[in-house]
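An overview of the molecular structure
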Amino acid sequence: MTSPPTAIRGDIVVADIEIAAPPERVFRALVDPGELGAWWQRASVGLTTRWTLEARRGGAWRAEGRDDACGPWMLHGRVVTFDPPRALAYTWNERIDPAYRESLPVETLVRYDLTATPAGTRVTVTHSGFPVPSAIRDGYANGWPEVLDLLAAHLDDLTRRDPTTRPPGAPDA
Amino acid sequence: MATSQAGTSAVFRALADPTRRAILDALRDGGQPVGRIADGFRVSRPAISKHLRVLREANLVLVSPSDDGRERVCELNAAPLREVEDWLNGYRRFWGENLRALKRYLESSSRRDDA
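This is a predicted model, so every value here is computed, not measured.

Criteria and thresholds
- Residues numbered from 1 in each chain as written.
- Chains lettered and ligands numbered in written order.
- Predicted model: local features only at pLDDT ≥ 70, side-chain atom pairs only at ≥ 80, totals over all residues.
- Helix = DSSP H or I, 4+ residues; strand = E, 2+ residues; numbered from the N terminus.
- Buried ≥ 20, exposed ≤ 12 C-beta atoms within 10 Å, placed from the backbone.
- Contact = placed C-beta atoms within 7 Å.
- Pairing = 2+ DSSP bridges.
- Core = buried A, V, L, I, M, F, W, Y, C linked by C-beta atoms within 7 Å.
- pLDDT = per-residue confidence, 0-100.
- Axes fitted to C-alpha atoms, helices over the stretch in contact; angles between N-to-C directions.

The next thing to look at is the overall build of chain B. From N to C terminus, chain B includes six helices and three strands. Each helix and strand of chain B, placed in order from N terminus to C terminus, yields the pattern α-α-β-α-α-β-β-α-α. Counting the 115 residues in chain B, one finds 31% classified as buried. Taking the intrachain contacts of chain B between residues at least 6 apart in sequence as the baseline, contacts between residues at least 24 apart amount to 57%.

In structure tokens form, the structure reads like this:
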């Protein structure tokens, strides 16, 4: 299966995929707690999740889970856009065991846009609000060569000190 | 996702504040004396000093004396920003995998019959 294209534009993470199911069906899978528990993060090893979600604008949502990669984690927020079957957006807050990974220190926003296609539905996820300074957001686009040199040196140094560190583009562990 | 390194937490906490991000933005084109940074903000000097301390602890800003020794000059240190990029890449991977999981779920033969 080909990977869906994902991209980082400055302080936004965008991912999209095409699914052979109508938008109404896809939307239901995004907001029904029973269904969410069945597919959310299913790529993880040894995963369990529990979901609650109030399917309305202003509704609260919460997910709790545990997996081998992140240990116990909790996500929660409020629904800010509820426009079935076209759009869903909610705020995103997380609590993750710091022994595994840093949690986001700020609230961010996740938005799903669903578009009908001949094959079914295109789902685009936009995760925004990351606290990114303009040096990251604009640095590569403006060709900031000193940053690139510094980053390359930093990465080389990291790789020497920790051989398990992988350079970008290498397969994920 | 990768285990966090000791400095990552300090970097993210430093970036979580919009004034601190704005200070980094002000430094992206070159070093500035502390006084000139403070002049660019409607925040008190002690508050700017506090923000600079947090940024220094995160290794995002380096402070050194000016050539004539009269001022302290702040420069952006780009190396910790590599961790930010890795962190964003982690979310990119997460959403890629999560959407694939949604697709597998909805396209499985038992799901195809659902209305």
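For the rest of this paragraph, the subject is the overall build of chain A. From N to C terminus, chain A includes four helices and eight strands. Reading the helices (α) and strands (β) of chain A from amino to carboxyl end gives β-β-α-α-β-β-β-β-β-β-α-α. The buried share among the 173 residues of chain A stands at 25%. Restricting to contacts in chain A with at least 6 residues of sequence separation, those with at least 24 account for 38%.

On to the pairing of strand β7 (residues 108-117) of chain A. As judged from the six bridges shared by strand β6 (residues 87-96) of chain A and β7(A), these two strands associate in the antiparallel manner. Across the sheet, the residue bridging to A:W92 is A:T108, located in β7(A).

This next bit is on the pairing of strand β8 (residues 120-128) of chain A. Two faces make up the sheet, and in a regular strand the side chains alternate between them. Residues and elements named next belong to chain A. Where strand β2 (residues 12-19) lies against β8, seven bridges are found, and the strand directions are antiparallel. Residue pairing for β8: I17 is matched across the bridge by V123. Bridging between β7 and β8 involves nine bridges; their strand directions are antiparallel. Its bridge partner being in β8, A116 is matched across the sheet by T121. Count of turn residues in the β7/β8 antiparallel hairpin: two residues.

A few words now on the nonpolar core. Counting 30 residues, the largest nonpolar core has A:I19, A:V26, A:L30, A:V123 and B:L99 as the members making the most contacts within it. Among the nonpolar cores identified, the runner-up in size contains 23 residues, and B:L24, B:L27, B:L60 and B:A78 belong to it.

Turning to the confidence of the model for chain B, a few remarks are in order. Residue and element names in this part refer to chain B. On average, residues of chain B carry a pLDDT of 85, and 87% of them reach 70 or more. Per-element averaging of pLDDT across chain B places helix α6 (residues 109-112) at the bottom with 66 and helix α4 (residues 45-57) at the top with 94. Contacts from residues 1-6, a stretch scored under 50 in pLDDT, to residues over four places away or in other chains number nine contacts. Reported for the predicted complex are a pTM of 0.75 and an ipTM of 0.75.

The subject of this paragraph is the sheet that holds strand β1 (residues 32-33) of chain B. Residue and element names in this part refer to chain B. Strand order in the open sheet formed by three strands is β1-β3-β2, and the pairing between neighbours is antiparallel. In this open sheet, the two strands that pair with only one neighbour each are β1 and β2 (61-65). Bridge count for β2 against strand β3 (residues 72-76) is five bridges, and the pairing is antiparallel. By the bridge assignment for β3, V61 is matched with L76. Of the strands in this sheet, β1, β2 and β3 are in contact with helix α2 (residues 18-27), which crosses β3 at around 95°.

So, about the environment of B:Q32. Residues and elements named next belong to chain B. Mapped onto the fold, Q32 is located in strand β1. On the neighbour-count criterion, Q32 (19 C-beta atoms within 10 Å) is partly exposed. Distance from Q32 to L52, taken between C-alpha atoms, is 12 Å for residues 20 residues apart in sequence. Contacts of Q32, omitting those with residues within four sequence positions, involve A26, L27, I37, V73 and C74.

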